[in-house]
Amino acid sequence: MSHDMPPRPATSHKSEALSGRCRVPGDKSISHRAFMLGGLAAGRTRITGLLEGEDVLRTGEAMKAMGARIERQGPAWIIHGTGNGCLLEPEGPLDFGNAGTGVRLTMGLAGTYDMTVRFTGDTSLSRRPMGRVLDPLRQMGVQVVDAREGDRLPVTLRGPAHAAPISYRVPMPSAQVKSAVLLAGLNVPGVTTVVEPVMTRDHTEKMLAGFGAALEVETDSDGVRHIRLEGQGRLEGRDIDVPGDPSSAAFPLVAALIVPGSDIVIENVLMNPTRTGLILTLQEMGADIEPLDRRSAGGETVADLRVRASPLKGVTVPARRAPFMIDEYPVLAVAASFAEGETLMEGLEELRVKESDRLAAVAAGLKANGVDCTEGRDFLAVRGRPEGKGLGGGTVATHLDHRIAMSFLVMGLAAERPVTVDDETMIATSFPEFMALMQGLGARIETAQTA
Ligand SMILES: O=C(O)C1=C[C@@H](OP(=O)(O)O)[C@@H](O)[C@H](O)C1
Ligand SMILES: C=C(OP(=O)(O)O)C(=O)O
């Protein structure tokens with residue numbers, strides 16, 4: 001299971017109206033954290049609805065290598081945690097493949113233990129900056145024994161005999177950095193504080209509290225969040241039902257909006273307000289998205305989304321919304337390609353350090369398919385063509401990035417001419433069922449046959 005495997009191209013074609021009901025896999029952020037916290041806690045954790053994508057399974061392997069017992073039992077995953085403060089030194093390197101969340105959070109989780117751990121990843125992950133996590137860990141006393149230039153993987157960490165709690169102001173809007181510091185704080189005596197000027201997805205805070213950690217969150221009069229965690233407390237195993245991933249739901253959702261006549265329902269989608277920026281933006285563009293049967297599930301709100309094809313118009317997406325839809329810009333750019341007028345997306349600098357430079361990859365893919373767009377240092381402007389007239393016909397370089405591959409395969413369903421992506425293998429990192437699910441709704445997508 002590796003993403004440095006031979007590329008497999010795929011092509012999508014203009015499709016008839018999409019219809020039917022579907023269920024996307026479990027939320028990736030919650031699935032990673034379920035394996036981590038369950039692996040650390042005392043007692044048994046039972047997870048249903050887990051995303052069985054490569055990224056998350058790597059996190060499971062890492063927790064096993066540090067002493068957790070993890071097994072699949074029918075539809076559930078059962079974890080017997082190591083018990084608090086009892087992670088073991090892994091015998092070999094922890095290979096996180098393509099997963100930024102997996103590696104950055106685990107560096108925090110394991111970094112403050114009195115042991116040596118080596119972290120590796122695929123070509124894409126090895127290009128991504130790790131300094132954003134290593135800097136606060138250094139302040140806590142963690143030794144970076146070895147790292148490639150610019151704090152890139154492979155990285156070897158040596159935990160301190162006596163780690164110190166810190167107060168850390170997160171310098172960029174990043175849930176991964178916030179989470180790495182909090183998870184590091186679990187094994188440190190005293191109070192670790194994270195100051196978060198711009199709110200990001202709050203799964204770590206919510207799940208830590210759910211496992212019994214002593215954690216408090218206060219928002220001051222300037223809207224800055226102060227998250228305080230008392231270290232060396234006790235986490236207790238629990239049951240977790242993972243809701244559907246809104247970042248995966250984004251693909252059938254946008255497809256249904258742009259393929260004329262479509263009418264679909266996506267069931268059980270997580271509606272946490274730190275994750276619904278795309279839905280809000282599409283509704284502002286005129287999208288007919290109706291959340292049905294809003295309900296509470298395991299401390300989160302979920303809903304079934306009824307989505308009907310809609311004429312879209314361009315809007316300006318403010319920078320302050322970026323953290324609530326950070327992984328959805330590639331597919332929003334595809335929706336914008338079919339909208340009347342210009343869509344301007346601001347505050348996109350973080351897109352440059354994802355699985356690929358997503359700002360450059362999206363702009364190149366749009367241009368290859370006849371879309372008029374402008375790429376700025378931290379913005380993207382897309383001037384759409386309703387009904388996709390003249391769009392398509394290009395091949396998109398995916399750069400080992402699942403969201404680039406899925407976004408452009410969605411584009412081809414409504415463009416005049418087919419759209420090809422140079423590789424679809426890495427879609428399995430976050431959404432292994434993508435092809436089958438889309439085909440089930442009526443999408444004309446095919447993978448190149450390998451000899
Ligand atoms: O914490 C998380 O689960 C994630 C945080 C985001 O990354 P950043 O923290 O780098 O913004 C997001 O892009 C990633 O897919 C998942
Ligand atoms: C950025 C993403 O993931 P990660 O950072 O975990 O690789 C993503 O899934 O879009």
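Calculation rules
- Within each chain, residues carry numbers counting from 1 in the order of the written sequence.
- Lettering for chains starts from A, numbering for ligands starts from 1, and both go in the order in which the items are written.
- Given that this is a predicted model, residues contribute local features only at a pLDDT of at least 70 and side-chain atom pairs are listed and counted only at 80 or more, while totals for whole chains, interfaces and linings are drawn from all residues.
- UniProt positions are given in the numbering used here, feature names are shortened, and annotations may be inferred rather than shown by experiment.
- Put simply, DSSP H or I for four residues or longer makes a helix, DSSP E for two residues or longer makes a strand, and each gets a number counted from the N terminus.
- Placing a C-beta atom from the backbone of each residue, one calls two residues in contact when those atoms lie within 7 Å.
- For each residue, a C-beta atom is placed from the backbone, and the residue counts as near a molecule or strand when that atom lies within 6 Å of it.
- Three categories are distinguished: nonpolar for Ala, Val, Leu, Ile, Met, Phe, Trp, Tyr, Cys and Pro, charged for Asp, Glu, Lys and Arg, and polar for the others, with Gly belonging to the last.
- As annotated, the domain borders come from an automatic or database domain assignment.
- As a rule, residues whose C-beta atom has 12 or fewer other C-beta atoms within 10 Å are exposed, those with 20 or more are buried, and those in between are partly exposed; C-beta atoms are placed from the backbone.
- Between N-to-C directions, angles cover 0 to 180 degrees, with each direction set by a line fitted to C-alpha atoms, over the stretch in contact for helices.
- Should an angle fall under 35 degrees it is taken as roughly parallel, and over 145 as roughly antiparallel, whereas 65 to 115 is taken as roughly perpendicular and any remaining angle as oblique.
- By the definition used in this description, the sense in which the near helix is turned from the far one sets the handedness, with an anticlockwise turn below a right angle giving left-handed and a clockwise turn giving right-handed.

As annotated in an unreviewed UniProt entry, the protein carries the name 3-phosphoshikimate 1-carboxyvinyltransferase and comes from Chelativorans intermedius. According to the UniProt record, the Catalytic activity (unreviewed entry) comment for the protein reads "3-phosphoshikimate + phosphoenolpyruvate = 5-O-(1-carboxyvinyl)-3-phosphoshikimate + phosphate".

Novice: Please set out the overall build of the protein residue by residue, giving values where relevant.
Specialist: Counting its secondary structure elements, the protein contains twelve helices and 24 strands. Its C-alpha atoms give the protein principal-axis dimensions of about 65 × 45 × 45 Å. Pairs at least 24 apart in sequence give 77% of the contacts found in the protein among residues at least 6 apart.

Novice: I'd like a rundown of the site of ligand 1, residues and numbers included.
Specialist: Surrounding ligand 1, one finds S29, T101, S174, A175, Q176, S179, R201, I326, D327 and E350. Among the elements that take part in the shell around ligand 1, helix α5 (residues 175-185) stands out by supplying three residues, more than any other. The class makeup of the residues in the shell around ligand 1 is two nonpolar, five polar and three charged. Structurally, the shell around ligand 1 is a two-domain feature, drawing no fewer than three residues from each of domain 1 (10-25 + 243-447) and domain 2 (28-241).

Novice: Provide a residue-level description of the site of ligand 2, including the pertinent values.
Specialist: In the region of ligand 2, the neighbouring residues are A99, G100, T101, D327, K354, E355, R403 and S430. When its residues are assigned to classes, the shell around ligand 2 shows one nonpolar, three polar and four charged. Split by domain, the residues of the shell around ligand 2 number at least three in each of domain 1 (10-25 + 243-447) and domain 2 (28-241).

Novice: Lay out the UniProt feature "binding site: 3-phosphoshikimate" (unreviewed entry) in the protein with the relevant residues and their values.
Specialist: As annotated in UniProt, the feature "binding site: 3-phosphoshikimate" (unreviewed entry) corresponds to K28, S29, R33, S174, Q176, D327 and K354 in the numbering used here. Locating Q176 in the fold gives a position in helix α5. With respect to the helices and strands, D327 occurs in the loop between β18 (316-317) and α9 (329-336). Under the C-beta neighbour-count criterion, D327 is labelled buried, with 23 such atoms within 10 Å. Setting aside residues no more than four positions away along its own chain, D327 makes contact with S247 and R403.

Novice: Describe the packing of helix α7 (residues 246-258) against α9, naming the residues involved and giving the relevant values.
Specialist: Interhelical geometry of α7 versus α9 gives an angle of 5° and a closest axis separation of 10 Å. With respect to their mutual orientation, α7 and α9 come out roughly parallel. Where α7 approaches α9, its residues A250, F251, V254, L257 and I258 are matched on the opposing element by V331, V334 and A335. The class makeup of the residues in the contact of α7 with α9 is eight nonpolar, no polar and no charged.

Novice: Can you explain the packing of α9 against helix α11 (residues 402-412)? Please cite residues and give values.
Specialist: Working note: a packed helix pair is described by the angle between its axes plus the distance between those axes. Direction vectors running N to C along α9 and α11 enclose 15°, while the axes themselves pass 8 Å from each other. In terms of axis orientation, α9 runs roughly parallel to α11. Pair α9 / α11 crosses with right-handed handedness. Where α9 abuts α11, its residues P330, V331 and V334 lie against R403, I404, S407, V410 and M411. When grouped by side-chain class, the residues that make up the contact of α9 with α11 number six nonpolar, one polar and one charged.

Novice: Describe in detail the domain arrangement of the protein, supporting the description with residues and values.
Specialist: Along its sequence, the protein is organised into domain 1 (10-25 + 243-447) and domain 2 (28-241). Computed over C-alpha atoms only, the centres of domain 1 and domain 2 are separated by 29 Å. Its residues assigned to classes, the side of domain 1 that touches domain 2 comprises ten nonpolar, seven polar and five charged.

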